[in-house]
Amino acid sequence: MDIAFVVGVVVAFGALYAMITMEGAHLSALLLPAPMILVLGSTIGVGIASHTLRDAIAAFGSLGRMARGPRSTPAAVIPILVAYAEKARTEGLLRLEDELDSAPDDYTRRAVQAVADGVDAEELRTLMDDEIVTEAARNRVAARFFSALGGYAPTIGIVGTVVSLTHVLENLNKPDELGHMIAAAFVATLWGLLSANFIWNPIAGRLNRMAAVEQERMTLVSEGILAIQAGSAPRLVEERLLALTTYKPKKKKEPRPDKVTATGDAE
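Now for a description of the structure that goes with this document.

Basis of the calculations
- Residues numbered from 1 in each chain as written.
- Predicted model: local features only at pLDDT ≥ 70, side-chain atom pairs only at ≥ 80, totals over all residues.
- Heavy atoms only, no water.
- Helix = DSSP H or I, 4+ residues; strand = E, 2+ residues; numbered from the N terminus.
- Buried < 20%, exposed > 50% of the residue type's maximum accessible area, 1.4 Å probe, protein only.
- Contact = heavy atoms within 4.5 Å.
- Axes fitted to C-alpha atoms, helices over the stretch in contact; angles between N-to-C directions.
- Parallel < 35°, antiparallel > 145°, perpendicular 65-115°, else oblique.
- Left-handed = near helix turned anticlockwise from the far one by under 90°.
- Nonpolar A, V, L, I, M, F, W, Y, C, P; charged D, E, K, R; others polar.
- Core = buried A, V, L, I, M, F, W, Y, C linked by side-chain atoms within 4.5 Å.
- Phe/Tyr/Trp six-rings, centres within 6.5 Å; stacked < 30°, edge-to-face > 60°.

Following the sequence through the fold, N139 ends up in helix α7 (residues 121-169). Owing to a relative accessible area of 8%, N139 belongs among the buried residues under this scheme. When near neighbours in sequence (up to four residues on either side) are disregarded, N139 contacts R65, A211 and E214.

At a minimum axis distance of 8 Å, the contact between helix α2 (residues 33-49) and α7 shows a crossing angle of 135 degrees. With respect to α7, the element α2 is oriented oblique. Between α2 and α7 the crossing geometry is right-handed. Judged by residue contacts, L38, V39, S42, T43, I44, V46, G47 and I48 of α2 engage F145, L149, Y152, A153, I156, G157 and G160 from α7. Its residues assigned to classes, the contact of α2 with α7 comprises 10 nonpolar, five polar and no charged.

Looking now at the packing of helix α3 (residues 53-61) against α7. At a minimum axis distance of 9 Å, the contact between α3 and α7 shows a crossing angle of 95 degrees. As the angle between them shows, α3 and α7 are arranged roughly perpendicular. Where α3 abuts α7, its residues D55, A56, A59 and F60 lie against V141, A142, F145 and F146. Its residues placed into classes, the contact of α3 with α7 shows seven nonpolar, no polar and one charged.

Another point: the nonpolar core. Grouped together as the largest cluster of nonpolar side chains are 28 residues, with contacts concentrated most on Y84, L96, L124, M128, I225 and I228. The set of elements that each furnish at least two residues to this core consists of α5 (78-91), α6 (106-116), α7, α8 (175-229) and α9 (234-244). With seven residues, α8 is the largest single contributor of residues to this core. Leaving out residues up to four positions away in the same chain, I225 has contacts with L81, Y84, A111, V112, V115, L124 and M128. Formed by 16 residues, the second largest nonpolar core is a distinct cluster that contains A56, M66, F146 and A196.

Right, let's get into the packing of aromatic side chains. Throughout the structure, instances matching the rule amount to five aromatic pairs. Ring centres 5.7 Å apart and planes at 85 degrees place the aromatic pair F60 and F146 in the edge-to-face group. Here F60 is found in helix α3, whereas its partner F146 is found in helix α7, with 86 residues between them in sequence. Using a relative accessible area of 31% as the deciding quantity, one classes F60 as partly exposed. Look at F146 and W200: their rings are 6.2 Å apart centre to centre, the planes differ by 15 degrees, and that puts the pair in the stacked class. Within this pair, whereas F146 is found in helix α7, its partner W200 is found in helix α8, the two being separated by 54 residues in sequence.

In structure tokens, the structure reads:
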């Protein structure tokens, strides 16, 4: 599980709380139900209105996956593909069917099955590329939904402030309450900016990043499988995939040589 999102949000709200405390303000002055309900509820409402219901359901359904983070780094599939290349080179492409049950995901499993079935290389590339494009488009829908919420929230916060200030103007005959009422009016703007930059935009950014990681992983699988089908040597397959990934696998530490004496002989 990748805790970057949780850590980042906690740090952001922690810094806000620290500022409130250092300024001598009270947290209860910001936790006003009325502006919070308006900003959060209306933001989600107009977000749903600007998309289809299926898009909204899919977006909120992606929150669990967003919190968990990527299943693995793209580089994690490289050893698996190299092992496939070694098996195909020594035992033939048909023997790759033995690896179907241990494939790391459905995309890899379908690609291996296609190679074992003798699908033409050009047709296989087209099928795999189409699946990558479709998956990327599906992931972008959720990211765009939360990005839209991040755009609506500040404006809705201003709407809430205008509504509250209208109420303030209706009570000019109560000067003792004006300060509190004006401060409460600007809480809506605060929550609009806060929710946009502390919640919705970070969610959208994380979903976009996860989509990029998944696309890179699928691309590595595609290029690796096609290289295996073409009969490339395992070493060349590994070098090709390492050149394509931004997630370089950790190098194994080489054992330290024994201490050398003054005469140059190892102890």
